[in-house]
Structures are given as structure tokens and as C-alpha cells.
Amino acid sequence: MRLLNLLKIAYKAIVLNKMRSLLTMLGIIIGVASVIAMLAIGEGSKQSIRDTISSMGSNMITIRPGADVRGGVRQDPSAMETLTLSDYEAIKNSADLLTYITPLVDGSGQVINGSNNWPSSIYGVNADYLNIKVVDLQSGSMFTDVEVKSAAKVALIGQTVADNVFPDGEDPVGKMIRFNKIPFKVIGLLEEKGENTFGQDQDDVIIAPYTTVQKRILAIDHLNQIIASAVSEEDAPEAVDQVTQIIRTQHKLTGNEDDDFTVRSMEELISTFSSTSEMLTILLVAVASISLLIGGIGIMNIMYVSVKERTKEIGLRMAVGGKGADILMQFLIEAILISITGGLLGVCLGLSSTFFIENFLQWPTSVTLYSIVISFAVCAVTGIFFGWYPAKKAAALDPITALRYE
Amino acid sequence: MTKETIKIQELRRDFTMGTETVHALKGISFSIQEGEFVTIMGSSGSGKSTLLNILGCLDQPTSGSYEIDGLKVKDLSRNELATIRNEKIGFIFQSYNLLARTSAIENVELPLLYNSKVSTEERRARAINALEMVGLGERLHHTPAQLSGGQQQRVAIARSLVNNPVMILADEATGNLDTRTSYEIMSLFQELNRQGITITFVTHEPDIATFSSRTIVLKDGHITQDYGNTDVQSAAAALAQLPKEEAL
């Protein structure tokens, strides 16, 4: 019996029992739609969690000088002078897995405003720094590349510094302060970040162009660190390798010579990030498979009833020459048709409900192609799997008994 | 020299019901020649249905031999039996057994759907032809619900003809019909038989037997009578003799 004929018969059986077929499909429709909608919500949440974790600077990469040995004694990395501006330039020009990069020089000293003073640290950086550390400005503005080039005496201060040297609560932007006797004009106030996980106050900071800090405060021409941000958390380990290679070339290190620097990424944050994503995915897949399973059982149930109800028809088909395999295929194809049609309708419903959730409930969602492909494939397989048993049952009927069945 | 369509020898069929064995057929032998119109009669419990199932290749005998159109049926597989039913036998049932909500022509096409040698166009042409033979050429697309009992049975007869069987096997084909309609159906059978189609008609109504050319009577699993009918009644004439229905 040709496949086309079987398809026709199955199609007819579905059309003749519109209501029943539709109700059967409903299980699959809801199953597939909920899988797509849930995965969309899950993917959306994942992305917003990703954004949140990213805002902690999880894609940050730090490059420090280090591990030099003099007379058998390992030296304090901060005393090293191996990291230079030309390293920074080289990384900036050839590393393509990085979005932002800044040199960093730091020093400590006393911040003075009139009779108020406060011990703090100064970081000399470029304008990318705020993006890498994901810090916003509360007021004022960041310094420009021109101010970096001209080593302008401008600075941004953190909330802790502002509270201590401007105790009257006046707006520090536009005011002059002194850091180790060098006068700086405050051009911006950083948004409050609180303490980091090590208990360090992230608001106790002054940011100035690195040229200014190098020349006017520290009088050095090497760098203490270079910090950068990778394109994404997933790319961070690869970016570390890339940066390592670039600096090795820069420092003319060959063969098995040790690195005279270290490159680190925020591994702890990255692993938090990926384990959160994994948990969410597992949860969603579990819920989704349950709904598809229920849809599949619905198909089996209806196909079983359908076989029972059409026992006499099966008997007749066998009497006029239908073989067991023909009957099996007829019911199997019917089940598959129902589940595939249901699957298609489910995809439509899933997409439209995702649209609704996004636009009316304002939840972040993101429909992925794989969720559509997977749910559709699973429902087709469900049709075969759950259609098989009733179809087998129909094929095994004895034609005499089936013909006499009332 | 006519051909033997059916040849049965020492046919037995036993059923095991728990510990008891029921002998439904206790060794019967007969042949049916091509072009015969045979009625098989018998009361319930005579083994009539069992014989019908075996003749229709729906069931296998316990012992003895059965040949249809020269083919030995014994020991064939389920699939081989299905092929024989598809190609050699036309079934007609008491309750018509048409597919509900399916047009007459699609009902008639059904046996050919299971025969991959027949193309879609040929299938349609043969179905139309068969429906014309039973006088339903105008009602190709009516569903069973839109047809009277007699018309439904005509569709079933067309379905039994469509695969050009060597024999039509009718099981109480007039059992659900009133006298007038059953005479109409019998006259159709006689007409088909005149065209050379072999018909085996299982019934328990004696007057139906008078329209056939031969009658086999079964009782308790044995053949008690097997006689040729010298005085075959014309169903068309019987129909004409029925009192005219009151015109409403």
C-alpha cells in the first residue's frame, strides 16, 4: 500500500473526527507552546542574569607584572617595572577578544580640601575604565582622551572620598582638591558601589588620567597593571591566552622561558555565571519534558480509544485485504499527523504567547531557534512513540472478531 | 469444461473452549464451479458462520483441504491470506459495513487501496464502473447516511465487485432489509450471476434459496442436503408480484 494512500486515509480519519482530533492536538499544542514560551522566558531571564553578573565586571581581565626572581627571591609584583605602555598599545591593537582596555597606575596619598583631609588611593587610567569596572557617574563627566594626552589635572572621586573631604554635602563637581599637594579639578562623582567581596570599599577611590598620575604623582613610566574586558564571559579564558601570547611576543620571551607577568580572569564569577545558566536550563528542560510527556499520553489515550471505536472498520479493512502492516501504518501515520499538526499549531501559539509576555507583562524573553526545533522534533517523536502501541494493538486484531465487534 | 472456483475436502474445524473441544465442522466436502449461484443454509449453530469464515480466508481449517481458484489456502500466513481476500474474494455483510461519513465512491475504492498494482486513475474508473453496475451511477458522492438500506447494500455489492473477485461471498446480505428491498437485491445478484460472477450466499431464509441455482444445507457440522435447483425463481418476477406500495 502506497504511502500517499495511507496519508490520505489518515487525513480523512482526522478530518472526519475534527473535534476529537483537535482535543488530542490540544495536549500537544499546549505542550509545545509552553516549551517554547518557557524556554523563551528562561532564555530571557538567563540574559538578564548574565547582564547582572556582567555588571560585576565578570568579564574583566587583569594583567600584572610579576614573578621575577632576583637572587632566588621572588619579587613583589608591584615593584616590577616590566609592564609598559607599549605592551598596552600592542594588546589594544592586536587582541580582538577584548572590548575595553586601559593602563592602570596607582598610588596612595592624602586628599585635601581646605581643612578636611582623607587618606585614599588614586588610580591613573583612561576613559575605558568606567566601562570595564561597570561604574556609572552620579554627576559630572569622565575625562576625555585629550585630557589623558595632555596629562590634565582632573579627577573623579568616589562617594567615600566625597563624604570625607566635602562633609557639608556640597556638590564636589567643579571644586578643586589636592592629592599629595598636586591640585586636581573634580570633574565627576562616581556612583556608589559599596564594598566588594573582600571587604574593600570600592567608593574610596580617586580616578585621574594615567598620564597625570605617572608624571605628576608617581614619576614613573611603567604601568602597574593593564585591565581589560573580554567580549563575553565565555570568551574570557581565550582572551587570557591571546593576551598572554601578545605580551610574550612583546617581551621577547621564547620557548620555555617563564612569563614575567600574569594574566587573570574573574574565574569565580564566571563559574557562578555558568552554573546559574546550567541550573536554569536543566529546570526548564525538566518542566518542558513533563508537559510534552503529558501531551504524548494524551495522544496515546485518544489513539487507543480510536482503535477501540473503529474495531469494526479495522475488521472490514482486513476483510477486503488490509494487511497488519497497513493497519499499523494507518494508525501510526494518524498519530504522527496529529502530533505534527499539533506541533505546528503549538509553535504558533508559543510564539504569540511569548510576544504577549514580552509586550504586555514586560518580562524579558528571547525565543531561540533551538527551542522551536527541539520541541517540534520531540512532539513528532512523541507521536511515533505513543502512537505505536495502539497501532500495534489494531494491527494484531483478529479480523473475524473485529468484524463481529459491536 | 467449467473451472472449480472452490474445492473443499474433508474440512474440519475444531474450537477449544477451556477443556472442551467443539467440533464446528465435522468433515465436509463440496466444490463450487465457476458461474454458480450457491446458497448455504443452516440454522444457527450449524457451522454456517465457521464455514463462511474459512471460505472467506478469514479463518483456517483444523484439517482437510481448501482450494480457491486453484490456490491451496492451508498454512498460509496472515499476510498471504489478506492478499487472497484482496484479490479473489468480494465480501458482502449483513450490516453493510460501509465507512461512515465517507462517500460511496470512496467506500467502493477501499479494496483497491490495498492493492498497489492499481493506479489512482484506474481505481477511480473501476469504482465508478462498479457503482454503475449496481445502479448507483448517480449517487457517487453520497455518504451512507444519505442512502437507504438497499442503496447502502448496493454500495457494498459494488465494493465486492470492484476487485474483480473469483467469488462474491455474501453473509445474510438481505438480513437487514424488508422483503421488497431484499427482492431487489436478489434480482441484482441474479443479474450479476447471469454475467458470469460466482456467488456464494449464506442465509437462513428458505425463500432466498429459491433464487439460487444450488443449495447446500448444513446441520450440526455436516452437509445434510446438496441439491441443484431445477426451478430457479426470478427475483424480478417475485418483485413484480408483490402488492404495489400505496402511493402516499
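For the structure itself, consult the block above.
So, a few notes on the structure that sits alongside this text. (Residues numbered from 1 in each chain as written. Chains lettered and ligands numbered in written order. Predicted model: local features only at pLDDT ≥ 70, side-chain atom pairs only at ≥ 80, totals over all residues.)

Here we look at the overall build of chain B
Test applied: Only DSSP runs of H or I reaching four residues or more are called helices, and only runs of E reaching two or more are called strands; each is numbered from the N terminus. To sort residues by burial, count the other C-beta atoms lying within 10 Å of each one's C-beta; a count of 20 or more means buried, 12 or fewer means exposed, and anything in between means partly exposed. C-beta atoms are built from the backbone. Remark: residues whose backbone-derived C-beta atoms lie within 7 Å of one another are considered to be in contact.
What chain B contains, in helices and strands, is eight helices and 10 strands. Taken over 248 residues, chain B has a buried fraction of 44%. Counted over contacts in chain B with a minimum sequence separation of 6, partners at least 24 positions apart contribute 70%.

Thoughts on the sheet that holds strand β4 (residues 63-68) of chain B
All names here are of chain B. The cut-off we apply is this: Pairing between strands is defined by DSSP: at least two bridges between them are needed. Note on geometry: axes are C-alpha line fits, over the in-contact stretch for helices, and angles between N-to-C directions span 0 to 180 degrees.
Sheet architecture is open: four strands sit in the order β2-β1-β4-β5, paired in antiparallel fashion. Every other strand in the sheet has two partners, leaving β2 (20-33) and β5 (71-72) as the edge strands with one partner each. Note that strand β1 (residues 4-17) and β4 share five bridges and pair antiparallel. Paired with K7 across the strands is E67, a residue of β4. Helix α1 (residues 48-55) contacts β1, β2 and β4 of the sheet and is inclined by roughly 125° relative to β1.

Considerations on the pairing of strand β10 (residues 205-209) of chain A
Residue and element names in this part refer to chain A. With five of its five residues buried, β10 lies for the most part within the structure. Pairing of strand β5 (residues 116-125) with β10 involves five bridges; the strand directions are parallel. Residue G124 lies in a different strand from β10, and its bridge partner there is A208. Here strand β7 (residues 154-157) pairs with β10 via two bridges, running antiparallel. Among the inter-strand pairings, L156 is bridged to a residue of β10, identified as I207.

Looking at the interface of chain B and chain A
Just so we agree on the cut-off: Throughout, the ten residues Ala, Val, Leu, Ile, Met, Phe, Trp, Tyr, Cys and Pro are labelled nonpolar, Asp, Glu, Lys and Arg are labelled charged, and all others, Gly among them, are labelled polar.
Across the boundary between the two partners, chain B contributes 19 residues, which contact 17 residues of chain A. Within the residue set of the side of chain B that touches chain A, elements represented by two or more residues are α2 (78-88) and α3 (104-113) of chain B. Looking at the side of chain B that touches chain A, the element that brings in the most residues is α2(B), giving six residues. When grouped by side-chain class, the residues that make up the side of chain B that touches chain A number eight nonpolar, seven polar and four charged.

Some remarks on the environment of A10(A)
Residues and elements named next belong to chain A. Tracing the sequence through the fold places A10 in helix α1 (residues 3-16). A C-alpha to C-alpha distance of 6.0 Å links A10 and Q330, two positions 320 residues apart in sequence. Aside from chain neighbours lying at most four places away, what touches A10 is Q330, I333, E334 and L337.

Thoughts on the environment of N113(A)
Residue and element names in this part refer to chain A. Mapped onto the fold, N113 is located in strand β4 (residues 98-113). We classify N113 as buried; it has 20 C-beta atoms within 10 Å. The spacing of N113 and N164 is 51 residues in sequence and 9.4 Å in space, taken between C-alpha atoms. The residues touching N113, leaving out its near neighbours within four places in the chain, are V165, F166 and I177.

Examining helix α3 (residues 85-94) of chain A
All names here are of chain A. Defined as follows: Here the arc refers to the directions that run from the helix axis out to each C-beta atom.
Listed in full, the buried residues belonging to α3 are D87, Y88 and I91. Buried residues of α3 fall within an arc of 100° about the axis and therefore sit on the same side. Counted as exposed and oriented over 90 degrees from the buried face of α3: S86 and N93. If you follow the buried residues of α3, they end up packed against β4, β11 (225-230) and α8 (236-250).

Thoughts on the environment of F273(A)
By secondary structure assignment, the location of F273(A) is in helix α9 (residues 267-309). Along the sequence, F273(A) and E233(A) sit 40 residues apart, while their C-alpha atoms lie 8.2 Å from each other.

Focus on the nonpolar core
Condition: Remark: nonpolar core denotes a set of buried Ala, Val, Leu, Ile, Met, Phe, Trp, Tyr and Cys residues whose joining runs through C-beta atoms within 7 Å.
Ranked by size, the top nonpolar core spans 113 residues in total, and within it I36(A), A335(A), V108(B), L131(B) and A158(B) carry the most contacts. At 13 residues, helix α2 (residues 18-54) of chain A tops the list of elements feeding residues into this core. Each residue touching I36(A), except ones within four places of it in the same chain, is listed here: V347(A), G350(A), L351(A), T354(A), V367(A), S371(A), I372(A) and S375(A). Judged by nonpolar contacts, the second largest core, of 58 residues, contains L104(A), L130(A), I217(A) and L223(A).

Section: the pairing of strand β7 (residues 167-171) of chain B
Residue and element names in this part refer to chain B. Applicable threshold: A crossover counts as right-handed when, viewed with the strands pointing away from the observer, the path leading from the first strand over the helix to the second turns clockwise.
Counting buried positions along β7 yields five of five residues, so the element is predominantly enclosed. The alternating pattern of β7 places M167, L169 and D171 on one face and I168 and A170 on the opposite face, and all of these are buried. As judged from the four bridges shared by strand β6 (residues 89-92) and β7, these two strands associate in the parallel manner. By the bridge assignment, F91 is partnered in β7 with L169. A crossover connection joins β7 to the parallel strand β8 (residues 199-203) through helix α6 (residues 179-194); in handedness this β-α-β unit is right-handed.

All we've got here are geometric facts, nothing functional implied.
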